[in-house]
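Fold and contact review
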Amino acid sequence: MAALRRLLRGCGGGGAPPGARGYSQDAEGSWFRSLFVHKVDPRKDAHSNLLSKRETSSLYKIQFHNVKPECLDAYNGLTEKVLPKLHLDPDYPCDLVGNWNTWYGEQDQAVHLWRFSGGYPALSHCMDKLKQNQEYLEFRRERSRMLLSRRNQLLLEFSFWNEPLPRQGPNIYELRTYKLKPGTMIEWGNNWARAIKYRQENQEAVGGFFSQIGELYVVHHLWAYRDLQSREETRNAAWRKTGWDENVYYTVPLVRTMESRIMIPMKISPLQ
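Here goes a summary of the coordinates provided. These numbers come from a predicted model, not from an experiment. (Residues numbered from 1 in each chain as written. Predicted model: local features only at pLDDT ≥ 70, side-chain atom pairs only at ≥ 80, totals over all residues. Heavy atoms only, no water.)

1. Concerning the nonpolar core
In plain terms, the rule: Definition used in this section: a nonpolar core is a set of buried Ala, Val, Leu, Ile, Met, Phe, Trp, Tyr and Cys residues joined via side-chain atoms within 4.5 Å. Type-normalised accessible area, obtained with a 1.4 Å probe on protein chains alone, sets the label of each residue: buried when under 20%, exposed when over 50%, and partly exposed for intermediate values. Helix and strand definitions here come from DSSP, where helices need a minimum of 4 consecutive H or I residues and strands a minimum of 2 consecutive E residues; each element is numbered from the N-terminal end. Residue contacts are defined here by distance: any two heavy atoms, one from each residue, within 4.5 Å place the two residues in contact.
By size, the foremost hydrophobic cluster in this structure holds 52 residues, and its most contacted members are F116, F158, W161, W188, W192 and V219. Residue contributions to this core peak at 6 residues, all from helix α4 (residues 72-88). Non-local contacts of W192, meaning those with residues more than four positions away in its chain, are made with F160, W161, H221, W223, W244, N247 and T251. Grouped together as the second largest cluster of nonpolar side chains are 16 residues, Y60, I62, W100 and V206 included.

2. Quick notes on helix α8 (residues 228-239)
We apply this condition: Given the number of residues in a helix, its expected span is that number minus one, multiplied by 1.5 Å. To be clear, the arc concerns the directions from the helix axis to the C-beta atoms. What qualifies as a polar contact is a pair of N or O atoms within 3.5 Å, subject to a donor-acceptor requirement within protein and to the restriction that residues adjacent in sequence count only when both atoms come from side chains.
With 12 residues, α8 should reach 16 Å at 1.5 Å per residue; the first-to-last C-alpha distance of 17 Å fits that figure. Every buried residue of α8 is listed here: S230, R231, T234, R235, A237 and A238. Each buried residue of α8 sits inside an arc of 155 degrees when the element is viewed along its axis, so together they form one side. As for α8, its buried residues are in contact with β5 (172-180), β7 (218-225), α9 (244-251) and β8 (255-265). Two to three positions downstream of the cap, the backbone nitrogen of Q229 sits 3.2 Å from a side-chain oxygen, assigning the N-cap of α8 to D227.

3. Some points on the packing of aromatic side chains
Let me state the cut-off plainly: Here a Phe, Tyr or Trp ring, Trp counted by its six-membered ring, pairs with any other such ring whose centre lies within 6.5 Å, and the pair is stacked when the planes are under 30 degrees apart, edge-to-face when over 60, and tilted otherwise.
What the rule picks out here adds up to 13 aromatic pairs. Taking 5.1 Å as the distance between ring centres and 25 degrees as the angle between the ring planes, the aromatic pair formed by F158 and F160 counts as stacked. Each member of the pair F158 and F160 is classed as buried. Relative to W192, the ring of W161 has its centre 6.2 Å away and its plane inclined at 35 degrees; by these criteria the two rings are tilted. Separated by 31 residues along the polypeptide, W161 in the loop between β4 (147-157) and β5 and W192 in helix α7 (residues 185-195) bring together distant segments of the chain. For W161, a relative accessible area of 3% gives the class buried. The exposure class assigned to W192 is buried, which follows from its relative accessible area of 4%. Joined through ring pairs, the aromatic side chains of W161, Y178, W188, W192, W223 and W244 make up one cluster.

4. What about a nonpolar patch on the surface?
Applicable threshold: Residues qualify for a patch when their relative accessible area is over 30% and they have no salt bridge, like charges being joined within 9 Å and the nonpolar side chains of Val, Leu, Ile, Met, Phe, Trp and Tyr within 5 Å. All accessible areas in this document rest on Shrake-Rupley with a 1.4 Å probe, and a residue is counted as covered only by the protein chains that are shown. Salt bridge, as used here: a side-chain nitrogen of Lys or Arg that lies within 4 Å of a carboxyl oxygen of Asp or Glu.
On the surface, W103, Y104, L228 and I264 cluster together to form a nonpolar patch covering roughly 360 Å² of accessible area. Tracing the backbone shows W103 in strand β2 (residues 94-104).

5. Points about the sheet that holds strand β1 (residues 58-67)
For clarity, the cut-off: Pairing between two strands requires that DSSP report at least two bridges joining them. Here, axes are lines fitted to C-alpha atoms. For helices the fit covers the stretch in contact, and angles between N-to-C directions go from 0 to 180 degrees.
Reading around the barrel, the 8 strands line up as β1-β3-β2-β8-β5-β7-β6-β4 and close back on themselves, with antiparallel pairing between neighbours. The average angle at which neighbouring strand axes cross in this sheet is 35 degrees, direction not considered. Where strand β6 (residues 205-213) and β7 come together, 5 bridges link them in antiparallel fashion. Considered in β7, the bridge of G208 is made with H221. Along the sheet, α4 contacts β1, β2, β3 (109-117) and β4; its crossing angle with β2, the most-contacted strand, is approximately 165 degrees. Along the sheet, helix α5 (residues 119-130) makes contact with β1, β2, β3, β4 and β6, crossing β3 at roughly 115 degrees.

6. Thoughts on α7
Counting buried positions along α7 gives 8 out of 11 residues, so the element sits mostly inside the fold. For α7, the set of buried residues is M185, I186, W188, G189, N190, N191, W192 and A195.

7. Here we look at the packing of α4 against helix α6 (residues 134-144)
Applied cut-off: The cut-offs work like this: below 35 degrees is roughly parallel, past 145 is roughly antiparallel, 65 to 115 is roughly perpendicular, and the gaps in between are oblique. In this scheme the crossing of two helices becomes right-handed for a clockwise turn of the near helix relative to the far one and left-handed for an anticlockwise turn of less than a right angle. Residue polarity follows a fixed list, in which Ala, Val, Leu, Ile, Met, Phe, Trp, Tyr, Cys and Pro are nonpolar, Asp, Glu, Lys and Arg are charged, and the others, Gly among them, are polar.
Running from amino to carboxyl end, α4 crosses α6 at an angle of 160 degrees, the nearest separation of the two axes being 11 Å. Between α4 and α6, the angle falls in the class roughly antiparallel. Classified by chirality, the crossing of α6 by α4 is left-handed. Residues Y75, L78, T79, V82, L83, K85 and L86 of α4 form the contact with α6, whose own contacting residues are E135, Y136, F139, E142 and R143. Looking at the contact of α4 with α6, its residues break down into 7 nonpolar, 1 polar and 4 charged.

Structure below.
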C-alpha cells in the first residue's frame, strides 16, 4: 500500500486541477481513498433514472426570454397578468415555481421555471389545452413583439436536492449553470449527493436540476440569499467545512463552462 501511494504521488495524482481553490492538507489522502470507493456504473441505466426523484413524476421546464430593453416593463406587466391564471387553474397540470428578471448576468432577461406534475403526459396535456386558450394565444402574440429571442429546456430534479417550495422574501436568487463534459453526469451526481449537506445551513439550497431536452449535459443549481453580502458570507463559510473542498476538487474537471445569474423575483413568483 505504501509503495502504491509513492507511485501515485510520483504520477502527480495529488495535484489539484486549475480552479480548485483552498484544497485542504489531507487532499492527497482523500484522493487516494477515493480509488476504493464504489462508483455507480452509468452503463447500467440512463442517468435520468439513476439521478432523478423516483417518488415523484414531476418534469420541469425552464424558459429564458431575452426582452427588448425598451419593452421590459411592458413584458413584466403582461406576464404578471396572464401566467398566474394558468398557475391557479386546476385544469392545467402545471405550477409556477419561480419567475425572475436577471440582475447580474445577461441583461433584460426573464427566467421562468415551471413544474408539470405527472411528467411528459402532463406537459402534453397542458400544451394541448393552451392551443385552445384564446387569451393565452393572444398573450403569446403580444409577447412575441417584445422579445429578441427565447429558449427553453426540459429538466429533471436531482434526487438529493431540496424540493423547490414557495418562500417569503425578500431574497435574491442565484442560478448557477454548469455545462458538463458528455458522460460525466453520474460522477457529478455522486459528488453532489455527498456535498449538498455543506450548503444547507442557511437554507440557501432551493433546487437542483439537469437537462433532458434542449442543450444536454446541463446542470442548474438554484440558490437563495438575503443579499449579495449574505451570498459572499455563506459561500465563504462552506470553504471552512471539511469536505466541501473535496467536492470542488472532483467536480471542476467535469465542467466545460459555467455561468452565474443573479436574479430578482417578479411580483408573481412563488419564490420571493
